[in-house]
Amino acid sequence: MSQNSNLNRKLADFLTLIAAFVAIVFSIFQLWQSLTAHLSAPVFLPLHLSWVLMLVFLAYPLCRNEDHTPKYLLGRAIDLLLMVVTCWATWRIAQFDYDDISFLLDGLTIEDQIAGIVVIVALMEATRRTVGIIMVLIAVIFLAYALFGNALPANIASKGFSVEEIIRFHIFSTNGVYGAPLAISAGVVFIFVLFGAFLQVTGAGQFFIDMAFAVAGKYRGGPAKASVIASAALGSISGSAIANTVTTGALTIPMMKKLGYKAEQAAGIEAAASTGGQIMPPVMGAGAFVMAQFTGIPYSDILLVSIAPAILYFMCTLLYVHLMACKLGLEGMTVTEKMRVVLVNGWHFLVPLVLITLLLLLSYSPVLVGVAGCVAILAAAMLRKATRIHWRDFFEGMKQGALLILPISAACATAGIVVGVVGQTGIGLQFTQFLIAMSGGYLWSVLALIALAAVILGMGLPVTAAYIVLSIMAVPALMKLGVSLLAAHMIVFWLSQTSNVTPPIALAAFAGAGIANASPMRSAVQAFKLAQGFFLIPAMMAFSGLIFLDESIWHFIVSIIATITLFVAFAGGIEGRLVQELTWLERAILLVMALVVLFSSDIVRLVAMCVVIAIAVINARHHIAKVVQS
């Protein structure tokens, strides 16, 4: 058995090398397509998904136990078989003649139907390995609805489609697997994921963390505030709240614990901050690019609209962090690097971020902006001897970029099935009517139902997939109640982030708990408290003028002030202090005023804002008086 185990390990090492080589070639292929656009979508998207599936079967083996020889070898044989049939199916799909309309009259051939089934089955297995079984079950339920919808009660029934019709719609068209979600992942998202990988291998990620500590480390609760700032800088580029939690949390969580934060608090702070990175311009993860595709609104407009809400979210998180530090009596770090020193050593890493921000604001193609960002970060690293990278680092970045896209592309392709079924069966209209009926036609209750659905979906789906599924079902309901297209998508996009920090399954909080050696559930509760902005800001988008493209500048400014007041009221009411401890009466008044600010008209909202400000001023004066007396 020992000799067999050694052979298995050698086989595993060999396949790891093959996976690394395939990943690097995959990145080269993606860059070539981005620069030349040589292949049409009906050819490029099947090829992209084929690369993804093969890499998944190589990098995520069916059996990982190398000591169990028969099971391991059987698993690798199945992986090889899946790769072979996937290549065959991709060849059939890529060479399909869309100009020959005979398939519309006579249907697909048996070989084409088998190829379609192979792709769907292989995609489901790849999604199970990279994303989880929940995403697969959702896709299977929607496919079953398309097949057997005619057997359901009349109010939720559909026509009921044949296997040939489903394969034709979801595989041999741009409506299902190879639809908009995968197109965005294969184009824009891949390039920015590669950009994030280059940020890490060049050391730019560490520079942003060092800069955050230089800015906030010396203040009360410094490591926690530095964690929030670093996560804001790195979060949108990493493409994953969990990856951001692990990357920055490995440094910030131990420092927070050393300073005096409880383990659960440290994990919750990092999770809330890292999740916020997904809504921080200029990149905002993958979801914002999907939003641009779905709405037809230029990405530059989405970027501009997102700046103020993102800043408000991090202000909310910083406020909670500060109040927690005050309650615990914590101070700042005694030794921090000076900002001047940090900038002297790494100022050149700011150039790529400034470049991509300007190019996105000038409405250049996001794909070309991403390529420019990749070139810029590599060129910036070569400017200084200390940050100069070698060929090994370059290829490591290429490999990591390809591996990081696997769960994103698998989730987007599977989400394409859900989008396709909604379009093919028309269930989206029925869901909209159901949602409005359940809510009684009240906007606040529709928001509550969507938030609940986002949390439930997020228990098993990545954020981007949850946004895709939720947007096609919930946005029409919001628009029927008077919310604009952009605001409706922004609301759903923000609520889709909540699953990372909301119990009972809060993946970013659980990742932080692992680093902090803390209770996962208690960490999730702390993250949920710190990430209230994910619920409050979408509500303000619906009830106030927080989407400035929809409102006048004056109304937008008033909405920002109202949102800040809302944060202060909620934070003070929950934490029990502002500048100093609050009485129970003051806490109750603040919580009531928070609800008034959230749901009332402008005049009543102004009165509530004045009450909150008055309580804050009185609280500060009492504190000053105590300090003077002492």
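Here, every reference points to the structure presented above.
Summarised in this report is the structure supplied together with it.

Parameters at a glance
Residues numbered from 1 in each chain as written. Predicted model: local features only at pLDDT ≥ 70, side-chain atom pairs only at ≥ 80, totals over all residues. Heavy atoms only, no water. Helix = DSSP H or I, 4+ residues; strand = E, 2+ residues; numbered from the N terminus. Rg over C-alpha atoms; globule rule 2.2 N^0.38 Å. Buried < 20%, exposed > 50% of the residue type's maximum accessible area, 1.4 Å probe, protein only. Contact = heavy atoms within 4.5 Å. Areas by Shrake-Rupley, 256 points an atom, 1.4 Å probe, with all protein chains shown as cover. Salt bridge = Lys/Arg side-chain N within 4 Å of Asp/Glu carboxyl O. Expected span 1.5 Å × (residues − 1). Bend = angle between axes of the 7 residues up to and from the residue. Phe/Tyr/Trp six-rings, centres within 6.5 Å; stacked < 30°, edge-to-face > 60°. Polar contact = N/O pair within 3.5 Å; in protein donor to acceptor, adjacent residues only side chain to side chain. 1 Å grid on protein atoms, 1.4 Å probe; cavity = no way out; pocket = protein on both sides within 12 Å on 5 of 7 lines; lining within 4 Å. Points joined across faces, edges and corners; volume = space filled by probe spheres on them. Nonpolar A, V, L, I, M, F, W, Y, C, P; charged D, E, K, R; others polar. Disulfide = S-S within 2.5 Å. Axes fitted to C-alpha atoms, helices over the stretch in contact; angles between N-to-C directions. Left-handed = near helix turned anticlockwise from the far one by under 90°. Patch = residues over 30% accessible without salt bridge, like charges linked within 9 Å, V, L, I, M, F, W, Y side chains within 5 Å. Parallel < 35°, antiparallel > 145°, perpendicular 65-115°, else oblique.

**Some remarks on the overall build of the protein chain**
1) Next: Counting its regular elements, the protein chain contains 28 helices and 0 strands.
2) Next: Computed over the C-alpha atoms, the radius of gyration of the protein chain is 26 Å, within 12% of the 25 Å expected from 2.2 N^0.38 for a compact globule of 630 residues.
3) Next: For the protein chain, the residues scored as buried account for 56% of the 630 residues in total.
4) Next: Considering only contacts within the protein chain whose residues lie at least 6 apart along the sequence, 75% involve residues at least 24 apart.
5) Next: Approximately 26000 Å² of the protein chain is accessible, and the part contributed by carbon and sulfur atoms is 69%.

**Some words on the environment of Ala151**
1) Next: Within the element layout of this structure, Ala151 appears in the loop between α6 (133-148) and α7 (163-170).
2) Next: By relative accessible area, which is 66% here, Ala151 ends up exposed.
3) Next: Sequence spacing of Ala151 and Leu353 is 202 residues, and the spatial spacing of their C-alpha atoms is 54 Å.

**Details of the pattern of salt bridges**
1) Next: Under the defined criterion, the tally for this structure stands at 11 salt bridges.
2) Next: The partner of Asp79 in a salt bridge is Arg129, with the nearest N and O atoms 2.8 Å apart. One end of the pair, Asp79, is in helix α3 (residues 69-94); the other, Arg129, is in helix α5 (residues 110-130), with 50 residues separating them in the sequence.
3) Next: Exposure remark for Arg129: the relative accessible area of 13% places this residue in the buried category.
4) Next: For Glu396, the salt bridge goes to Lys399, with nearest N and O atoms at 3.5 Å. Within this pair, Glu396 and its partner Lys399 are both found in helix α18 (residues 391-425), separated by 3 residues, close to a single helical turn.
5) Next: With a relative accessible area of 32%, Glu396 lands in the partly exposed category.
6) Next: Within the structure, one salt-bridge network assembled from shared partners comprises Arg76, Asp79, Glu125, Arg128 and Arg129.

**Things to note about α6**
Because the α-helix completes a turn every 3.6 residues, residues three or four places apart line up on one side.
1) Next: With 16 residues, α6 should reach 22 Å at 1.5 Å per residue; the first-to-last C-alpha distance of 22 Å fits that figure.
2) Next: Looking at the buried positions of α6, the neighbouring elements they touch are α5, α7, α18, α19 (427-439), α20 (443-458) and α21 (463-480).

**Quick look at helix α14 (residues 299-328)**
1) Next: Here α14 contains 30 residues, and its C-alpha end-to-end distance of 43 Å stays within 8% of the 44 Å for a straight helix at 1.5 Å per residue.
2) Next: For α14, the principal kink sits at Ile307 and spans about 35 degrees; a proline, Pro309, occurs within the next four residues.
3) Next: Gly329, located one to two residues past α14, shows a positive phi value of around 70 degrees.

**Comments concerning the packing of aromatic side chains**
1) Next: Scanning the model with the defined rule gives 20 aromatic pairs in all.
2) Next: Relative to Phe349, the ring of Phe207 lies with its centre 6.1 Å away and its plane at 45 degrees, an arrangement referred to as tilted. With Phe207 in helix α9 (residues 204-216) and Phe349 in the loop between α15 (339-346) and α16 (350-361), the pair connects residues that are 142 residues apart, well separated along the chain.
3) Next: Judged by relative accessible area, which is 5%, Phe207 ranks as buried.
4) Next: Measuring from ring centre to ring centre gives 5.6 Å for Phe528 and Phe535, while their planes differ by 65 degrees; the resulting arrangement is edge-to-face.

**Observations regarding the side chain of Thr90**
1) Next: The residue Thr90 is located in helix α3 in this model.
2) Next: Note on Thr90: relative accessible area 6%, which makes it buried.
3) Next: A polar contact is formed between the side chain of Thr90 and the side chain of Ser50, at a distance of 3.4 Å.
4) Next: When near neighbours in sequence (up to four residues on either side) are disregarded, Thr90 contacts Pro46, Leu47 and Ser50.

**So, the layout of surface pockets**
1) Next: Its volume calculated, the second largest pocket comes out at about 460 Å³.
2) Next: Forming the walls of the second largest pocket are 20 residues, and the residues nearest its centre are Ala232, Ala233, Met280, Pro281 and Pro282.
3) Next: Elements represented by at least two residues in the lining of the second largest pocket include exactly α10 (222-238), α14 and α16.
4) Next: Class assignment for the residues of the lining of the second largest pocket results in 18 nonpolar, 2 polar and no charged.

**Description of the environment of Ala569**
1) Next: Within the secondary structure, Ala569 is located in helix α26 (residues 553-575).
2) Next: Ala569 sits 22 residues away from Leu591 along the chain, and the two C-alpha atoms are 6.0 Å apart.
3) Next: Non-local contacts of Ala569, meaning those with residues more than four positions away in its chain, are made with Leu590, Leu591, Ala594 and Val612.

**Details of the side chain of Gln580**
1) Next: For Gln580, the position within the fold is in the loop between α26 and α27 (584-599).
2) Next: A relative accessible area of 11% means that Gln580 is categorised as buried.
3) Next: Setting aside chain neighbours within four positions, we find Gln580 in contact with Asn619, His622, His623 and Lys626.

**As for the state of the cysteines**
1) Next: This model, assessed by the stated rule, comprises 0 disulfides.
2) Next: Residue Cys374 stays outside any disulfide, its sulfur separated by 18 Å from that of Cys412, the closest cysteine.

**A word on the environment of Ser306**
1) Next: Secondary-structure assignment places Ser306 in helix α14.
2) Next: The class of Ser306 is buried, set by a relative accessible area of 1%.
3) Next: Sequence separation between Ser306 and Pro281 is 25 residues, and the spatial gap between their C-alpha atoms is 6.7 Å.
4) Next: Beyond its immediate stretch of four places on either side in the chain, Ser306 contacts Ile279, Pro281, Met284 and Met490.
5) Next: Within the local environment of Ser306, its side chain forms a polar contact with the backbone oxygen of Ile302, the two atoms lying 2.7 Å apart.

**Quick look at the packing of helix α25 (residues 533-543) against α26**
1) Next: Closest axis-to-axis distance for the α25/α26 pair is 11 Å, and the angle between their directions is 145 degrees. When the axes of α25 and α26 are compared, the crossing they make is right-handed. Touching Gly533, Leu536, Ile537 and Met540 of α25 are Ser559, Ala562, Thr563, Leu566, Phe567 and Phe570, all from α26.

**Details of a nonpolar patch on the surface**
1) Next: A contiguous nonpolar patch, built from Leu304, Ile307, Ile311, Met315, Leu361 and Ile564 and spanning about 430 Å² of accessible area, is present on the exposed surface.
2) Next: Looking at the nonpolar patch, the element that brings in the most residues is α14, giving 4 residues.
3) Next: The residue Leu361 is located in helix α16 in this model.

**Description of unusual backbone geometry**
1) Next: The linkage connecting Pro281 with the following residue, Pro282, adopts the cis geometry, with an omega of 15 degrees.
2) Next: Positive phi values are uncommon outside glycine, yet Ala37 reaches one of about 50 degrees.
3) Next: Within the fold, Ala37 resides in the loop between α1 (2-36) and α2 (41-59).
4) Next: At Ser363, a position not held by glycine, the phi torsion is positive, near 65 degrees.
5) Next: Here Ser363 is to be found in the loop between α16 and α17 (366-382).

**Some details on the packing of α25 against α27**
1) Next: As a packed pair, α25 and α27 sit with axes 8 Å apart at the nearest point and diverge in direction by 45 degrees. Viewed along their axes, α25 and α27 adopt a mutual orientation that is oblique. Mapping the contact onto sequence places Leu536, Ala539, Met540 and Phe543 in α25 and Val597, Leu598 and Phe599 in α27.

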